[in-house]
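Breakdown of the fold
Listed below, chain by chain, are the residues.
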Amino acid sequence: MLDLKFIVSHPDAVKAGAAKKHIDCDIDRIVALDSERRELVGKVDAARASSKAAGKKIASATPEERPALVEAQAAGKAELKAMEARQKEIGEELDRLLLLVPNVPSEEVPECETDEDNVEIARWGEPRTFDFEARSHLELGELHGWIDIVRGARLAGSRNYVLIGELAMLEQAVMRYAYDSMVEKGFTPLSVPTLVRSETMVGTGYFPGGEDQAYKCDERDDLCLVGTAEVPVTAFHQDEILDGSELPMRFVALSSCYRREAGTYGKDTKGLYRVHQFQKVEQVVIDVADDATSLEHHREILGNSEAILQALELPYRVVNVCGGDLGQPQVQKFDIETWMPSRDSYGETHRASRFHAFQSRRLGLRYRGEDGKVRHCHTLNNTVAASTRMLIALLENHQNADGTISVPGPLQPYLRGRTALGRPVETR
């Protein structure tokens, strides 16, 4: 959420930011409501003072004077009640409208509309050229009995799956390697709930606007399954005032994640690319309200994920996400897209975002600086590894002609020293 004072003082900048993100919001209405609200504050204060004075006057009035004074006081109270009701209406409408205003994007964010317009800013590794007919991750999984889509759908509907044997072990190896790598970098590990209150989804910027992508429990519980550990981790210190000397806080969490993938029917329906449940290691940074420091953190968390991909010898590219693909909360976002041979292209595997105080203002997440002043924190997050898409890249990039999968060095300790997975089959 943006500061109301900032919106009122810089309406054109906020409008331009919303236009860049292709998000509709009514800034003029917000400015008008704020003006009315401030005007009402003075009138309400005056009416309350007048009512108090009238009460004293009635107490000292003669019997002849009292009826007229009581009648006048009653009319004043009715007017005050109406103004207080209007104040409440304005406050509720402002709260509703403010939740729809997007964060102002960085000037570095490209002026485009879709993910196809994102701008490549870096590339590492070269896509592999095979001297044999390469298989897709789904073909490899079915070849070795590692993936069961049919039974997954029988258990939980379409876009679900069961990982079996060595592939289930590989999934855990990737997650543990990513998790342990972040702990070694000094990130504090957390084990967090994956069911959170709706207010937590609002606080992190997923609601309103993202309800169709979330799995919600019934009204009795008011709970939602998270699509990322970012939600509970960022909200961990909700409504607290932190000691500025304790910042930055760096957290890492491994969790199951759940997404409806609404609006993507018919797109990427085969295999593990777009599924409803997966595992993910997420990194979150909470620090002081300083734009330059936030940018440094953004580069740091992006580098953490790049280091994982490089260690696993997976070619990738980094893109600067354009305004139309950026989303409401972010100031700027960098996507990492990893090479996936079966797609003959790069597929998105990581999203590194910085938010400035957008999330913390909603969450009431603050800190007290050395000067004693209380300010809202800056927050950032990035994927370290998402299981299913990392498995796609690992299986397809490290496959051999005989159908086996070479295991990158960093994962071998998590697989009891295995250097390859799968049984050799006839080269096709």
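Relevant structure appears above.
The text that follows walks through the structure, step by step, so that each part is easy to find. (Residues numbered from 1 in each chain as written. Predicted model: local features only at pLDDT ≥ 70, side-chain atom pairs only at ≥ 80, totals over all residues. Heavy atoms only, no water.)

**With respect to the overall build of the protein**
The condition is simple: Secondary structure elements follow DSSP: runs of H or I of four or more residues count as helices, runs of E of two or more count as strands, with numbering from the N terminus. In this treatment the radius of gyration is a C-alpha quantity, and the globule benchmark scales as 2.2 Å times the residue count to the 0.38 power. Each residue is assigned to one of three classes by its accessible area relative to the maximum for its type, calculated with a 1.4 Å probe on protein chains only: buried under 20%, partly exposed between the two thresholds, exposed over 50%. The contact rule is simple, with two residues in contact once any of their heavy atoms fall within 4.5 Å.
Scanning the protein for helices and strands turns up 13 helices and 18 strands. Against the globule reference of 22 Å for 428 residues, the protein gives a C-alpha radius of gyration of 28 Å, more extended than a compact globule. If one aligns the C-alpha atoms of the protein with their principal axes, the spans along those axes are about 110 × 45 × 35 Å. Each of the 428 residues in the protein was classed as buried or not, and the buried ones make up 48%. Long-range pairs, those at least 24 residues apart, make up 73% of the contacts in the protein between residues at least 6 apart in sequence.

**Observations concerning the sheet that holds strand E7 (residues 223-225)**
As a reminder, the rule being used: Only when DSSP finds a minimum of two bridges between them are two strands counted as paired.
Strand order across the open sheet formed by three strands is E5-E7-E6, with antiparallel pairing between neighbours. Only two strands of the sheet have a single partner each, and these edge strands are strand E5 (195-197) and strand E6 (215-216). When E6 meets E7, the two strands line up antiparallel, connected through two bridges. By the bridge assignment for E7, Tyr215 is matched with Leu225.

**Description of the environment of Pro315**
Counting through the fold element by element, Pro315 comes out in the loop between helix H10 (291-311) and strand E11 (316-320). The class for Pro315 is buried, based on a relative accessible area of 7%. The spacing of Pro315 and Pro127 is 188 residues in sequence and 6.1 Å in space, taken between C-alpha atoms. Filtering out sequence-adjacent residues up to four positions away, Pro315 remains in contact with Trp124, Gly125, Glu126, Pro127, Glu337, Thr338, Trp339, Tyr346 and Asn397.

**Quick look at the environment of Gly417**
Positionally, Gly417 belongs in the loop between strand E17 (405-406) and strand E18 (420-421). Each C-alpha atom of the pair Gly417 and Val407 lies 9.3 Å from the other, and the pair is 10 residues apart in sequence.

**Section: the pattern of salt bridges**
How we decide: A side-chain nitrogen of Lys or Arg and a carboxyl oxygen of Asp or Glu constitute a salt bridge if their distance falls within 4 Å.
Under the criterion given, the structure shown has 23 salt bridges. The partner of Asp371 in a salt bridge is Arg375, with the nearest N and O atoms 2.7 Å apart. The network of salt bridges with common partners includes Asp325, Asp335, Glu348, Arg351 and Arg389.

**Quick look at a negative patch on the surface**
Applied cut-off: Patch membership needs two things, relative accessible area over 30% and no salt bridge, and members are linked within 9 Å if like-charged or within 5 Å if nonpolar (Val, Leu, Ile, Met, Phe, Trp, Tyr). Accessibility throughout is a Shrake-Rupley quantity obtained with a 1.4 Å probe, and a residue counts as covered only by protein chains that appear here. Just so you know, the count uses Lys and Arg for positive and Asp and Glu for negative, and it drops His and the chain ends. For this purpose, a charge sits on NZ of Lys, CZ of Arg, CG of Asp or CD of Glu.
On the surface, Glu199, Glu219, Asp221, Asp222, Asp239 and Glu240 cluster together into a negatively charged patch. Looking at the element boundaries, Asp222 is found in the loop between E6 and E7. On the basis of relative accessible area, Asp222 is assigned to the partly exposed category, the value being 37%.

**Observations concerning the packing of helix H7 (residues 166-184) against helix H13 (residues 387-397)**
The test is simple: Axes here refer to lines fitted to C-alpha atoms; in helices the fit is confined to the stretch in contact. Angles between the N-to-C directions go from 0 to 180 degrees. We call two directions roughly parallel when the angle between them is under 35 degrees, roughly antiparallel when it is over 145, roughly perpendicular when it lies between 65 and 115, and oblique otherwise. Here is the rule for handedness: rotate from the far helix to the near one, and if that takes an anticlockwise turn smaller than a right angle the crossing is left-handed, while a clockwise turn gives right-handed.
Relative to each other, H7 and H13 sit at 110°, their axes nearing to 10 Å. Compared by their axis directions, H7 and H13 come out roughly perpendicular. Crossing of H7 over H13 shows right-handed handedness. Contacts between H7 and H13 involve Leu167, Leu170, Glu171, Val174 and Met175 from the former and Ser387, Met390, Leu391, Leu394 and Leu395 from the latter.

**Details of the sheet that holds strand E15 (residues 374-376)**
If you trace the three strands from one edge of the open sheet to the other, you get E8-E14-E15, paired in mixed fashion. Every interior strand has two partners, whereas the edge strands, strand E8 (241-243) and E15, have only one. Neighbour-to-neighbour, the strand axes of this sheet turn through a mean angle of 35°, independent of strand direction. As paired strands, strand E14 (residues 366-368) and E15 are joined by three bridges and run antiparallel to one another.

**Observations concerning the environment of Ser245**
In plain terms, the rule: By the criterion applied in these results, polar contacts are pairs of N or O atoms within 3.5 Å in which, for protein atoms, one can donate a hydrogen and the other can accept it, and in which residues neighboring in sequence qualify only through two side-chain atoms.
Along the chain, the position of Ser245 falls in the loop between E8 and strand E9 (249-258). Overall, Ser245 belongs to the exposed group, its relative accessible area being 61%. Once the C-alpha coordinates of Ser245 and Ala386 are considered, the two residues, 141 residues apart in sequence, prove to be 32 Å apart. Among the polar contacts made by the side chain of Ser245, one reaches the side chain of Asp243 at a distance of 2.9 Å.

**What to know about the packing of H7 against H10**
Where H7 meets H10, the closest approach of the two axes is 11 Å, and the angle between their N-to-C directions is 130°. Relative to H10, the element H7 lies oblique. Remark: the crossing between H7 and H10 carries right-handed chirality. Touching Tyr177, Ala178, Ser181 and Met182 of H7 are Asn304, Ile308 and Ala311, all from H10.

**Overview of unusual backbone geometry**
What you tend to see is this: most non-glycine residues have negative phi, and most peptide bonds are trans. Residues Phe207 and Pro208 are joined by a peptide bond in cis, for which omega reads -10°. Structurally, the position occupied by Pro208 is in the loop between helix H8 (198-203) and E6. Look at the link from Leu247 to Pro248: it is a cis peptide, with omega at 5°. Mapping Pro248 onto the fold places it in the loop between E8 and E9.

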